[in-house]
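# Residue-level structure breakdown
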Amino acid sequence: MLEDYFRQYAVIAIFGVVAVLVPLGMILASNLAGLVHIRPSRPRPPNWQESPPPYLKTYESGFEPIGGPWRRIHVRYYTFGLLFVIFDVETVFLFPWAVEYGPLSARFGIFALAEAVIFIAILALGWAYAWRKRAMEWA
Amino acid sequence: MTDAFLENAFFRNIYCNLASSASPRCAGGGPFGDGMFPAGMEWLAFLITAFVIIFLVVNAALLAVNIYIWGERRLVARLQARLGPNRWGPYGLLTPIADLIKILTKEDIVPAAADRLVFNLAPVLIVVPVLLVFAVIPFASSTWVADLNVGVLYIIAVLSVGSYSAVMAGWGSQNRYAMLGAFRAVALLVSYELPMVLALIGVLMITGSMSLVDVVHDQNVPFALVQPLGFLIFLIGSVAEIQRPPFDLAEAESELIGGYHTDYSGIKWGLFQAGEFMATIASAAIITTLFLSGWRGWGFLPSHIWFLIKLVAVLFAMTWLRGTLPRLRIDQVTAFAWKGLLPLAALNLVVSGVLSFIWPAPGVAELWVMAIVNLAVAAVSIFTLGLLLGPRPGERTTPAGSAVFMPAKREGTA
């Protein structure tokens, strides 16, 4: 029934609200503990942004942090991201095929299988090319 | 599709006590008498029932995290020939509660450089998706929160939100180590997501449905036997996805202080820990449902006990991995995913396609034949892969492209 179909998602939506409330409630409980002085909570000094006290400084094993963290990131992360996008789109196409595989193979016979095998073979070519181009090396 | 609510006994037993007995769903009233509400108030009954069920499941998940933290600490201690926490309560059972009180009463420091909004949102965002996974898992026969017809896709989608949390924590902290940890976490997630998702396709091919309730229902033989390759890939992939040892290089404390939660303290740090342990339980529940035939078992124990036994077995295996294996380097980890697991997953996909073509609607006997064929394929392919990618005898592996000088032999010493 269509109504049932939407009710399942309504349950998920309520679950989502509760799932957000749980961690928020925990943080709130901790802040309440700060209000009643169970938990230490210091007010920020007036010029905390210009010259932060030691406990508000970025933790770098006790050294003074020099420069910000927003530095250039090595390109290898980008190649992995690119590879992921390519192959993830492949999986998106394979999911509906896999779920409907029974009816498809009943109707189209061996074609349903051959089609997916050709699809995977083309991607295997791309995968081999990426390996050859050393896109999968960490260097 | 049958009436999903009447199928769900968990839901029906509460709903039909509230809703009017005149409503079409609960003709004849609930198990404890007629409904309380007049006709036309079914929406309120629905809301209350949904909330009660969700309340139960969320609390069970949070309690399970506490018990699991204790169990893991005890077990890892035993594996490392220590005693583990044994002070508070019998066998130290109350230690997680003591930890929680301690965490709640610690000062909550937000560094001056941090982006406050992103910094504060990250710990919330690590817990939410993990909790949401429990919404579609059937815990016992006819006991689940919601039966989505895209359940498997939902789990994949929801679990990958966790990577946002890692990036937000690393970016928001404005800390170099946290940033590096976040990038490592994302590289890991991105690499292992693919083989994991591809390994699931073999399961979907046999069941022909993405609903987890149907997957358990069709699992006359545990899919860990029918799809051994897929099971192994999924197990490794989920250990990597939740960043547990040996794949915990995103928070390698010897290199990156604490990874992306370096600058967190108090309850926010606690939320990161809780989220990680809860993710372990959620992954174990997914593996139990998809590959170990969920709540199904023999008749002498009720179905939820079977689910728990399998869940604890998977958790034990994961903890054993943590206690035994050393942390891997990131180049090893990503190379293993892309060069090893991805072709294995593709091979598993093709083999299951051929087998499902031969037996379109497999019965128990056909499933066993498929299991034998797949076991042979798994053994041969893993052995071949080991020959192709494994180290040569006597070879010492060095990081790819590293400038580390390693002399082949020692000179000048007797």
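The model shown is predicted, which means the values in this text are computed figures rather than measured ones.

Helices and strands together make up the secondary structure of chain A, namely four helices and zero strands. Taken against the 2.2 N^0.38 rule, which gives 14 Å for 139 residues, the C-alpha radius of gyration of chain A at 27 Å runs more than 25% over that of a compact globule. Principal-axis analysis of the C-alpha atoms places the extent of chain A at approximately 75 × 50 × 20 Å. Burial status across chain A gives 35% buried among its 139 residues.

In this section: the overall build of chain B. Counting its secondary structure elements, chain B contains 16 helices and zero strands. Taking all 414 residues of chain B together, the buried fraction comes to 55%. Nonlocal contacts in chain B, meaning residues at least 24 apart in sequence, comprise 71% of its contacts between residues at least 6 apart. Summed over its atoms, the accessible surface of chain B is roughly 17500 Å², and 69% of this surface lies on carbon and sulfur atoms.

Moving on to helix α11 (residues 228-241) of chain B. All names here are of chain B. Its 14 residues place the ends of α11 19 Å apart at the C-alpha level, agreeing with the 20 Å of an ideal helix rising 1.5 Å per residue. For α11, the buried fraction is high: 12 of the 14 residues fall into the buried class. Considered for burial, the residues of α11 that qualify are Pro228, Leu229, Gly230, Phe231, Ile233, Phe234, Leu235, Gly237, Ser238, Val239, Ala240 and Glu241. Two residues or fewer past α11, Gln243 is found with a positive phi of approximately 55°.

So, about the packing of aromatic side chains. All names here are of chain B. Within the structure shown, the criterion is met by 18 aromatic pairs over all chains. Plain terms: the ring middles of Phe234 and Phe291 are 5.5 Å apart, the flat faces sit at 45° to each other, and that makes the pair tilted. Of the two residues, Phe234 sits in helix α11 while Phe291 sits in helix α13 (residues 266-291), which places them 57 residues apart along the sequence. By relative accessible area, which is 0% here, Phe291 ends up buried. Ring geometry for Phe300 versus Trp306: centroids 5.7 Å apart, planes at 70°, classification edge-to-face. Among the residues examined, Phe300 registers a relative accessible area of 62% and is labelled exposed. Following the ring pairs from residue to residue traces out a cluster consisting of Phe119, Tyr260, Tyr264 and Phe272.

Residue and element names in this part refer to chain B. Inspection of the entire model under this criterion finds five salt bridges over all chains. With its nearest N and O atoms 3.0 Å apart, the salt bridge here joins Arg73 to Asp99. Of this pair, Arg73 sits in helix α3 (residues 42-79) while Asp99 sits in helix α4 (residues 95-104), and the two are 26 residues apart along the sequence. Of the charged contacts in the structure, one is a salt bridge between Arg327 and Asp248, with a shortest N-O distance of 2.8 Å. A residue pair is termed long-range when its members are at least 10 positions apart, and Arg327 in the loop between α14 (303-324) and α15 (330-358) and Asp248 in the loop between α11 and α12 (253-256) qualify at 79 residues.

Taken residue by residue, chain A gives an average pLDDT of 83. The fraction at 70 or more is 98%. Per-element confidence in chain A is highest for helix α4 (residues 110-132) of chain A, whose mean pLDDT is 88, and lowest for helix α3 (residues 101-108) of chain A, whose mean pLDDT is 83.

For the rest of this paragraph, the subject is the domain arrangement of chain A. Per the domain assignment, the segments of chain A are domain 1 (2-56) and domain 2 (75-132). The distance between the C-alpha centroids of domain 1 of chain A and domain 2 of chain A comes to 41 Å.

So, on to the side chain of Asp263 of chain B. Tracing the chain through its elements places Asp263 of chain B in the loop between α12 and α13. Exposure remark for Asp263 of chain B: the relative accessible area of 9% places this residue in the buried category. A distance of 3.2 Å separates polar atoms of two side chains, one belonging to Asp263 of chain B and the other to Asn175 of chain B. Those residues in contact with Asp263 of chain B, other than ones at most four positions away along the chain, are Thr58 and Tyr59 of chain A together with Ile109, Pro111, Phe119, Ser173 and Asn175 of chain B.

This part covers the interface of chain A and chain B. Counting residues at the interface gives 71 residues for chain A, matched by 91 residues for chain B. Carbon and sulfur atoms supply 74% of the area buried between chain A and chain B, which totals about 7300 Å² over both sides. Linking chain A with chain B are six residue pairs in polar contact (both at pLDDT 80 or more), by the criterion used here. Sorting the residues of the side of chain A that touches chain B by element identifies α1 (2-35), α2 (75-99), α3 and α4 of chain A as the ones contributing at least two each.

With that settled, consider the packing of helix α5 (residues 116-133) of chain B against helix α6 (residues 151-159) of chain B. What describes two packed helices is the angle between their axes and the distance between those same axes. Residues and elements named next belong to chain B. The geometry of α5 relative to α6 is characterised by a closest axis approach of 9 Å and an angle of 165° between their N-to-C directions. As judged from the angle between their axes, α5 and α6 are roughly antiparallel. α5 and α6 meet at a crossing whose hand is left-handed. When α5 is examined against α6, the residues Pro129, Leu132 and Val133 are found in contact with a partner set consisting of Tyr154, Ile155, Val158 and Leu159. Across the contact of α5 with α6, the residue classes tally to seven nonpolar, no polar and no charged.

Further remarks concern the packing of helix α7 (residues 162-173) of chain B against helix α8 (residues 176-207) of chain B. Residue and element names in this part refer to chain B. Interhelical geometry of α7 versus α8 gives an angle of 165° and a closest axis separation of 7 Å. When the axes of α7 and α8 are compared, the pair comes out roughly antiparallel. Crossing geometry of α7 relative to α8 is assigned as left-handed. Contacts from Ser163, Ala166, Val167, Gly170, Trp171 and Ser173 of α7 reach α8 at Ala178, Met179, Ala182, Ala185, Val186 and Leu189.

All names here are of chain B. When you line up the elements, Pro96 lands in helix α4. Note: C-alpha distance between Pro96 and Trp70 (26 residues apart in sequence) is 6.3 Å. In contact with Pro96, not counting residues within four places along its chain, are Asn66 and Trp70.

Another point: a nonpolar patch on the surface. Residues and elements named next belong to chain A. A surface patch of nonpolar side chains, about 530 Å² in accessible area, is lined by Leu28, Leu32, Leu35, Val36 and Ile38. The topology assignment puts Leu35 in helix α1. Here Leu35 falls in the exposed class, since its relative accessible area comes to 64%.

Right, let's get into the side chain of Ser105 of chain A. With respect to the secondary-structure elements, Ser105 of chain A resides in helix α3. On the accessibility criterion, Ser105 of chain A (10% relative accessible area) is buried. Once residues lying within four places of it in the same chain are set aside, the contact partners of Ser105 of chain A are Ala112 of chain A together with Phe357 of chain B.

How each quantity is defined
Residues numbered from 1 in each chain as written. Chains lettered and ligands numbered in written order. Predicted model: local features only at pLDDT ≥ 70, side-chain atom pairs only at ≥ 80, totals over all residues. Heavy atoms only, no water. Helix = DSSP H or I, 4+ residues; strand = E, 2+ residues; numbered from the N terminus. Rg over C-alpha atoms; globule rule 2.2 N^0.38 Å. Buried < 20%, exposed > 50% of the residue type's maximum accessible area, 1.4 Å probe, protein only. Contact = heavy atoms within 4.5 Å. Areas by Shrake-Rupley, 256 points an atom, 1.4 Å probe, with all protein chains shown as cover. Expected span 1.5 Å × (residues − 1). Phe/Tyr/Trp six-rings, centres within 6.5 Å; stacked < 30°, edge-to-face > 60°. Salt bridge = Lys/Arg side-chain N within 4 Å of Asp/Glu carboxyl O. pLDDT = per-residue confidence, 0-100. Domains from an automatic or database assignment. Polar contact = N/O pair within 3.5 Å; in protein donor to acceptor, adjacent residues only side chain to side chain. Buried area = accessible area lost by both parts, 1.4 Å probe. Axes fitted to C-alpha atoms, helices over the stretch in contact; angles between N-to-C directions. Parallel < 35°, antiparallel > 145°, perpendicular 65-115°, else oblique. Left-handed = near helix turned anticlockwise from the far one by under 90°. Nonpolar A, V, L, I, M, F, W, Y, C, P; charged D, E, K, R; others polar. Patch = residues over 30% accessible without salt bridge, like charges linked within 9 Å, V, L, I, M, F, W, Y side chains within 5 Å.

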